[in-house]
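Read off the chains here:
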Amino acid sequence: MGGSAPRRDHQLPVETTSFVDRRGELTQGRELLARARLVTLTGPGGVGKTRLAARIAARVQRAFPDGVRFVHLSGLHDPALVPLAAADALGLHDHSAQPPLDALVEQVRDRRLLLVVDNCEHLAGACAQLAAALLHGTEGVRVLATSRHRLGLTEEHLLEVRPLPVPDPDGDLSAAEGYPALTLFADRAAAVVPGFRLTPDNRASVARLCHHLDGLPLAIELAAVRMRVLDVEQLLDRLDDRYRFLTTGSPAALPRHQTLRAAVAWSHDLCTGPEQLVWARLSVLAGSFDLETAEAVCADDTGEPDAGWGTGPAPAEALLPGGPRFADGSCELTRPVQALSGTVTVGSAFPPAPAPAGGPVPLPVMRPESLIVPSTGGGLTLPPPTAGAAGNWTPRPGGLRADDVLDAVAGLVDKSVLCREPGPGGVRYRMLDTLRQYGLEQLRRTVGEEGAARRRQRDWTLRSVEACERGWFGPGQPETVARLRADRDNLRAALDFSLSTPGEARAGLRLAGTLWFYWHACGAPREGLYWLDRALAANPEPTPERARGLWVAGLLAAATQDFPRGRRHARDALALARLLGHAAEAAHAEYVIGVLRLFGDDLPGALRHFETTVARGPVPGQHLSVVGLDQVELACALGFLGEADRAVEVCERALGLCERHGELWVRSYVLRILALAHSVRRDWARAERHAREALRLKLAVHDVIGIALTLDLLASIATERGAHRHAAVLLGGADRVWADIDAARWSARTLNAARRDSEERACLALGRDAFERAHRRGAGLGLAELVGQALQEPARPRPRESRAPHDDTPVRLTRRETEVARLVAEGLANQQIADRLVIARRTAEGHVERILSKLGFSNRSQIAAWVTAQR
């Protein structure tokens, strides 16, 4: 709820306000989890189930050596995505062709962990299937669920979460502080009125207020926020007015769900007109969001907004110029660009999405008064806004403007309708599900308004994603990945709206295809295939969007080892692209066809294929990431066929391309192949240097599969160099990372043979007990710690007295040195750092030398590891 909503990630949520005593429920929840493997906390909305579940999980986490993970479902509405959301929360990266739920169960079969599944009521069937599969397919996994209703499994144990106890307002209130409802009100009121506390003079009024609110925590918090402008007696009077309206004509007391609804409606009445309007329009956002998104979704401005969180100019070669025009006459790029001429802003690779059938439809502008007109249906009727709130706001001509949205968001944060939380790129906002559902009801009171808001959200998402794609082959990839992951729920909402609304399907296909780099580079091939399957089925027409969707689906199918499906999609994409005369999409499809040959062990065929595409060079409109990957796959084929010298030559060219653009993802693959080629040459020093640099970049873009592969390679190099203890640590870490992907390493002979060789030689050198100790040490490290270990410790025995210079000594860098260190960690060379900071190259070099000196390091990789550890 507003300011009390915990920050959300897949670990235990971070509480941002105090937790009011629920000792009885905490004890009962711990006892239930000790004897049952499925416990469901049930109760009405706003009663505090999520906070209680987090507290219970925190109390029992020591009993689960493999951890406690949270699955947040409030922003998810498609049952098919529940297993994928659970796998994501567990950090799993399955790339098999198994059904997602089967793959999840197989990967956690031998683990002892607690999975907290929050907000199950709207996806009860899918949550029940998830819980049943985990209960029947594993022995050490337990599930703690929160839902307004039970899941209905025979193994389920229920814990009813009741409202907070409230004393009799007319009784003895000398021990009022012992009642959690009053304590909660006093705590939240003190946050807006410093010094507020319960006194003999106000206890009865606070008790009466909490009694009216049935002890529901969310309702109490909403009321307490009003203490900024009202005292307790005024609060009570206004709440009494609201309740008299709700119970007119009915002698029955309000049920609890109506109590909460009344409190929410009362808060809504006290909002200004723009705040009510923004509350309603923001309800189409399924997850957290930033201010730019709020403005794009809520404002009635007709001007084209900025591109969104793919900010900054696109690299000049991100999409090569000169592509063909489409059937509607639009050009592939909105303006010409000059290759290698700095940076320019380029347009989308697709023509504008089509309007709904029948042509563009003018969208109604929703006025605040339309949100509060008394309804004629059977639902709750809302009164006109109170004076001093929405009633004195006059809508501007043209509707809500961006600056109105900013003011409204600030007001909604102030009133605890929105909670403010840190996120990638700055501040983000979130609305609790109860408040979002209320806002959605208000939005639906005006015909067409919900569709208009969802279309604005989808269009904004599409523009933002296209900007991210244009800038993908360039600096800023880690930030792009972080923001896309933070916006997952809103991406899903935009895709679902497009693919379930008549006339919007082509935009859905365009969005799903444009996200190819996210599905592929960020380890989400299963979800990408899910959306592309829906989008391709809804768009059978021969369009550029379909050509792209087909090759992306082929690439993702290959990533999940469904090679026949991948080949079928890639060939269809190539045929369609050629039919349309679309050279860029044809080149992209050809890349997928070559990858499938490489994955299928057709090394001579893959070599011929990529020799042809690399010799041909880039085609107009082709994405530079694919141009770079063509060279990566060529070098890979050469390396596997023993032509190490040619592989190194190809890699050096590809590395130059990546470095000119400040690119990290493709560069990490180039460096890994370069390390493999030097391994073939038995040049272990160069192989280690390139592999460590590849590992650092893979951590920066969170390429978990790439991290696993590179750790295996570094372990082999360490073995060859005689650093057997270090090799054992790396093998332990690699085995742990592979457990989240495929413990059998895809049953690949080459990978498993190399791993066995490293283990056998390390055991022979160290002895089995010492090897196991070092292996356990590596397996116990987190991903960032593991990469830091690999980067900080060269793969050769160290003198006994030597240690990492920063282990025990605090180091203070200046603000500029800290800035330079972060840029070094991004992989920027000295000239690029100088360009970014607008300083001379020699100045940048001086900063780097001072950083190395202060930290006691000898190379840039150690600086990168140090920066990673600081985060």
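Source: prediction; values computed, not measured.

*Asks:* Hey, could you run me through the pairing of strand 4 (residues 141-147) in this one?
*Replies:* Regular strands place side chains that alternate from one sheet face to the opposite one. The element strand 4 is extensively covered by neighbouring structure, given that 6 of its 7 residues are classed as buried. Taken together, strand 3 (residues 113-118), helix 5 (residues 124-137) and strand 4 constitute a β-α-β crossover, and its handedness is right-handed.

*Asks:* Whenever I open this one, a positive patch on the surface confuses me. Can you help?
*Replies:* Residues Arg 567, Arg 571, Arg 597 and Arg 608 make up a contiguous surface patch of positive charge. Tracing the backbone shows Arg 571 in helix 22 (residues 563-580).

*Asks:* Explain helix 2 (residues 49-60) to me, please; I cannot follow it from the model alone.
*Replies:* Side chains of residues three or four places apart in an α-helix project in the same direction, reflecting 3.6 residues per turn. In this model, helix 2 (12 residues) spans 17 Å end to end at C-alpha, consistent with the 16 Å of a helix rising 1.5 Å per residue. Turning to helix 2, its buried residues are Lys 49, Arg 51, Leu 52, Ala 53, Ala 54, Ile 56, Ala 57 and Val 60.

*Asks:* Would you take a moment to explain the sheet that holds strand 4 for this structure?
*Replies:* Two orientations exist for strands paired in a sheet by backbone hydrogen bonds: parallel and antiparallel. Overall, parallel pairing links the 5 strands, which are arranged 2-3-4-1-5 in an open sheet. Edge positions in the sheet fall to strand 2 (68-72) and strand 5 (157-160), since each of these pairs with one other strand and no more. Here the strands of the sheet are splayed against their neighbours by 20° on average, with no regard to which way each runs. Here 5 bridges tie strand 1 (residues 38-42) to strand 4, and the two strands are oriented parallel to one another. When the sheet's bridge partners are listed, Leu 41 is paired in strand 4 with Thr 146. Against the sheet, helix 1 (residues 23-35) makes contact with strand 1, strand 3, strand 4 and strand 5, and its axis sits at roughly 175° relative to strand 5, the strand it touches most. On the sheet, helix 5 packs against strand 1, strand 3 and strand 4 and is oriented at approximately 170° with respect to strand 3.

*Asks:* Would you explain the confidence of the model for the protein in this entry?
*Replies:* Parts of the model with low pLDDT should not have their predicted coordinates read in detail. Within the protein, residue pLDDT values average 83, and 81% of them lie at 70 or more. Here strand 7 (residues 343-344) is the element of the protein with the lowest mean pLDDT, 28, and helix 18 (residues 505-514) is the one with the highest, 98. When the criterion is pLDDT under 50, residues 1-8 qualifies, and its contacts beyond four places in sequence or with other chains add up to 34 contacts. Predicted confidence for residues 304-392 stays below pLDDT 50, and this span has 208 contacts to residues more than four positions away or in other chains.

*Asks:* I would appreciate a short explanation of the packing of aromatic side chains in the present structure.
*Replies:* Aromatic ring pairs are reported here in terms of the distance separating the ring centres and the angle at which the planes meet. Summed over all chains, the structure comprises 13 aromatic pairs. Between Trp 516 and Trp 551, the ring centres sit 5.8 Å apart and the planes meet at 55°, which makes this aromatic pair tilted. Highlighted residues: Trp 516 in helix 19 (residues 516-521) and Trp 551 in helix 21 (residues 544-559), separated in sequence by 35 residues. Across this residue pair, the class does not change: Trp 516 and Trp 551 are buried. Every member of this aromatic cluster is reached through a ring pair, and the members are Trp 472, Trp 516, Phe 517, Trp 551, Trp 665 and Tyr 669. Positioned above the aromatic ring of Tyr 669, the side-chain terminus of Lys 698 is 3.4 Å from the ring centre.

Rules of the game
- Residues numbered from 1 in each chain as written.
- Predicted model: local features only at pLDDT ≥ 70, side-chain atom pairs only at ≥ 80, totals over all residues.
- Heavy atoms only, no water.
- Buried < 20%, exposed > 50% of the residue type's maximum accessible area, 1.4 Å probe, protein only.
- Helix = DSSP H or I, 4+ residues; strand = E, 2+ residues; numbered from the N terminus.
- Right-handed = clockwise from strand over helix to strand, strands pointing away.
- Patch = residues over 30% accessible without salt bridge, like charges linked within 9 Å, V, L, I, M, F, W, Y side chains within 5 Å.
- Areas by Shrake-Rupley, 256 points an atom, 1.4 Å probe, with all protein chains shown as cover.
- Salt bridge = Lys/Arg side-chain N within 4 Å of Asp/Glu carboxyl O.
- Lys, Arg positive; Asp, Glu negative; His and termini not counted.
- Charge placed at Lys NZ, Arg CZ, Asp CG, Glu CD.
- Expected span 1.5 Å × (residues − 1).
- Pairing = 2+ DSSP bridges.
- Axes fitted to C-alpha atoms, helices over the stretch in contact; angles between N-to-C directions.
- Contact = heavy atoms within 4.5 Å.
- pLDDT = per-residue confidence, 0-100.
- Phe/Tyr/Trp six-rings, centres within 6.5 Å; stacked < 30°, edge-to-face > 60°.
- Lys NZ or Arg CZ within 6 Å of the ring centre and 35° of its normal.

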